Amino acid sequence: MGDATLSRRRSPQQADLLAELPPISYVWETPNRRPRRAEWDTPDPAVPRRLTPAMRAKLERIVSRVPEVMVKITGRTKGVAHLKSHLAYITRNGELDAETEQGAAMTGRSGLKDLQQRWEDDAVLDDKRRRDGSLSINIILSMPAGTDAVAVKDSARAFAIETFGYNHDYVFVQHLDDKHPHVHLTVQSLGHDGRRLNPRKADLQAWRERFAGELRLRGIAAEATPRRTRGRIRKADRGAVLALRKRKIAPEVDRLAREEVLGEVRSGKTTERPWEARIRSRQDAIRQRYLDYAAELQRSGTARDGALARQIRQFVKDMPAVETRRHVLKKELSELADSRRRGAEQGVDADQRGDARGNERSK
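Small disclaimer: the values here were computed from a predicted structure and weren't measured. (Residues numbered from 1 in each chain as written. Predicted model: local features only at pLDDT ≥ 70, side-chain atom pairs only at ≥ 80, totals over all residues. Heavy atoms only, no water.)

Draft legend 1. Summary view of unusual backbone geometry. Unusually for a residue other than glycine, Arg65 sits at a positive phi of about 55°. For Arg92, which is not glycine, the phi torsion reads 55° and is therefore positive. Note that Arg92 resides in the loop between α4 (80-90) and β2 (98-100). (Helix = DSSP H or I, 4+ residues; strand = E, 2+ residues; numbered from the N terminus.)

Written as structure tokens, this is what we have:
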């Protein structure tokens, strides 16, 4: 049966649904599966193509570049000793107060011992836990410097209650000895329902959205967009890699990348990687989506929508070039080679001028 026959059999309602713009978050989410619509991304049932107030507000925050929240899994505690060490670290050996899912404050080392013993007993009773299974998952919730620390802590508390409070025990501590106000949240892996916490990329994004929403409820401008939403395609380097660079030690990943790029430069052949084409395609889709919504806003004819449409177009125009780590390395090596060549040429010119002056004196 041909496509034409299928299209004739579609009802007008089906055709309208197929013509609907995909959800605004679709190209921003984890690409391995179509995500559920976020609450703010639910379309107007009467006019699916029209931007809802929640969608407009999200676009305004994005193009205004409001601060981005950070919700990061920093690790997992694998044993009792590891859990003890982690709890001692986040509470500064009991000097900082911790708060549990019941709102109880734990002060000093005695409170830590009680919590540790309770989670240890639960782990012993968990007959499904593997030997290397985690006792807890450790999370940091952070905001840029200058954010009100009280609002960050209140938002982290609300986030933890909403996300884990019904099924997981947890403890959190706020740190103020860093320019970025942040909260360390440690969640027991084993839930009350017998299931273990195993967050994926899509879960992390949903957590970021929730934390940002809690901050906005407390008057703090915050957003939770993936880096590709802002045109940034390079992943942040792992902590171990950053630590090696800080100690002036070249990580293996850097050495291998440089060798690969040097080989391409010397051979004069550039091999296109399949993922680079996918990255460009995805960035094209993201940028086009912004422009589609700018056009939709422009069609409304209102001054406010027109101003937002102009902001969106400028935001797309200001997005960085699509550059992978290989592209950056090639640019750095090219600039280094040019610098050395100019230095060599200047050295030759200086030698020639010196020879000329010597000849003049000999005359």
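Now that the structure has been shown, the text picks up again.
Draft legend 2. Fine view of the pattern of salt bridges. Under the criterion given, the structure shown has 14 salt bridges. Where Lys58 meets Glu223, a salt bridge forms, and the shortest distance between an N and an O atom there is 2.5 Å. Here Lys58 is found in helix α3 (residues 53-63), whereas its partner Glu223 is found in the loop between α7 (201-217) and α8 (239-246), with 165 residues between them in sequence. Connected via shared salt-bridge partners are Lys58, Arg61, Glu209, Arg216 and Glu223. (Salt bridge = Lys/Arg side-chain N within 4 Å of Asp/Glu carboxyl O.)

Draft legend 3. Seen up close, the sheet that holds strand β4 (residues 136-142). In spatial order, the strands read β1-β4-β6-β5-β2-β3; together these six strands make up an open sheet with antiparallel pairing. The open sheet has two free edges, formed respectively by β1 (70-77) and β3 (105-106), since each of these has just one partner strand. In this sheet, strand β6 (residues 182-188) lies alongside strand β5 (residues 170-175) in antiparallel orientation, the contact comprising six bridges. For Phe172, the partnering residue across the bridge sits in β6 and is Leu185. α7 rests against β1 and β4 of the sheet, and its axis sits at about 130° to β1. (Pairing = 2+ DSSP bridges. Contact = heavy atoms within 4.5 Å. Axes fitted to C-alpha atoms, helices over the stretch in contact; angles between N-to-C directions.)

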